[in-house]
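Below, each chain spelled out in residue letters.
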Amino acid sequence: PNSEKVLVDFNYTNGSDPNLPIQGTDGNFYGTAVYGGTSKIGVVYKITPGGAITVLHNFAGYPKDGASPQGVLVQGTDGNFYGTTYQGGANNYGTIFKITPAGVLTLLHSFAPSSTNLDGANPQTGLVLGSDGNFYGATVIGGYYNGGLLYKITPAGKFTILHSLCSTSGCTNGFYPRTPLVQHTNGKFYGNASGNSLGGSYFYSLDVGLKGFTKLVNWAGKVGATVDLLGQGFTGTTGVSFNGVAATFKNVSDTYITATVPAGAP
């Protein structure tokens, strides 16, 4: 019961140094590899649960494509996958891209920091899908103080700088964010920066005005299975139902409920 089965051997042709994959809504796994592929600068791949791997895209690098993706993919509400590359693009400072499950890639944004353009550069993490359907991320460097920045990008590619982190002496802000953002059910985003002016690291929140929401931790389960719900304001909850079918539940805290899938639920 504890045996391990190797499903895929990465052989540089199909990628090398792969990042963590995600499971798509079609049941397959999608991910990126930092190296390998036809140009040796990374790929986007798909792996079936049975272990069949398909290279969906070979990154070609500067100036029309990304290079060296270092973050995980995220699936948007449109079914496509979104991600970043550390290098490549029109300025070789990294990109944000969209790719369909069939492998059609669209370059949404090329990072371009300069003395007059306060854009970020070299994202080391992928994107997170916000509750508003947009994507949020961070770059390691760039921005007003060259300490990295936090940004939003829509599925159509509209890019907005949200906050520049600060690496100057005496600045209480953090700098060089190297971890992905995560959205709390209170609507705010949270993340880490690897440094601050005090010689340590930095844990921050980012409020873009999104409202609190409820999230299912597990989206499927047979009758009798336990389903976890994260949210806000659960104290005093009087009922939980699955498509109108009442369920037994336990109010664990103001932000956490467990419920049992009832007979008759879809």
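Located above this text is the structure these notes cover.
The structure presented is a predicted model; accordingly, all values stated were derived computationally and were not measured.

> Can you break down the sheet that holds strand S16 (residues 149–153) residue by residue, with the values?
Spatially, four strands are ordered S13-S14-S16-S17 in an open sheet, and the strand pairing comes out antiparallel. Each end of this open sheet is capped by a strand with a single partner; those strands are strand S13 (128–129) and strand S17 (159–164).

> Give a description of the side chain of Thr100 that names residues and reports values.
Residue position: Thr100 is located in the loop between strand S10 (95–99) and strand S11 (105–110). Among the polar contacts listed, one links the side chain of Thr100 to the backbone nitrogen of Val104, at a separation of 3.0 Å. Beyond its immediate stretch of four places on either side in the chain, Thr100 contacts Leu56 and Asn80.

> How would you sum up the environment of Asn117? Please name residues and give values.
Mapped onto the secondary structure, Asn117 falls in the loop between S11 and strand S12 (120–121). Classification of Asn117 as partly exposed rests on a relative accessible area of 33%. The sequence separation of Asn117 and Asn11 amounts to 106 residues, and the corresponding C-alpha distance is 40 Å.

> Explain the packing of aromatic side chains to me, and be specific about the residues and the numbers.
What characterises a pair of aromatic rings is the spacing of the ring centres plus the angle enclosed by the ring planes. Evaluation of the coordinates by the stated rule reveals twelve aromatic pairs. Judged by centre distance (5.9 Å) and plane angle (20 degrees), the rings of Tyr190 and Phe203 are stacked. Placement of Tyr190 in strand S20 (residues 189–193) and of Phe203 in strand S22 (residues 202–206) is noted, with a sequence separation of 13 residues between them. Among the aromatic side chains, those forming a connected cluster through ring pairs are Phe111, Tyr151 and Phe159.

> A description of the sheet that holds S11 should follow, citing residues and the corresponding values.
Strand order in this open sheet of four strands is S7-S8-S10-S11, and the pairing throughout is antiparallel. The sheet is open, and its two borders are formed by strand S7 (74–75) and S11, each paired with just one other strand. Across five bridges, the pairing between strand S8 (residues 81–85) and S10 is antiparallel. Within S10, the position partnered with Tyr82 by the bridge is Lys98.

Cut-offs used in this document
- Residues numbered from 1 in each chain as written.
- Predicted model: local features only at pLDDT ≥ 70, side-chain atom pairs only at ≥ 80, totals over all residues.
- Heavy atoms only, no water.
- Pairing = 2+ DSSP bridges.
- Helix = DSSP H or I, 4+ residues; strand = E, 2+ residues; numbered from the N terminus.
- Polar contact = N/O pair within 3.5 Å; in protein donor to acceptor, adjacent residues only side chain to side chain.
- Contact = heavy atoms within 4.5 Å.
- Buried < 20%, exposed > 50% of the residue type's maximum accessible area, 1.4 Å probe, protein only.
- Phe/Tyr/Trp six-rings, centres within 6.5 Å; stacked < 30°, edge-to-face > 60°.

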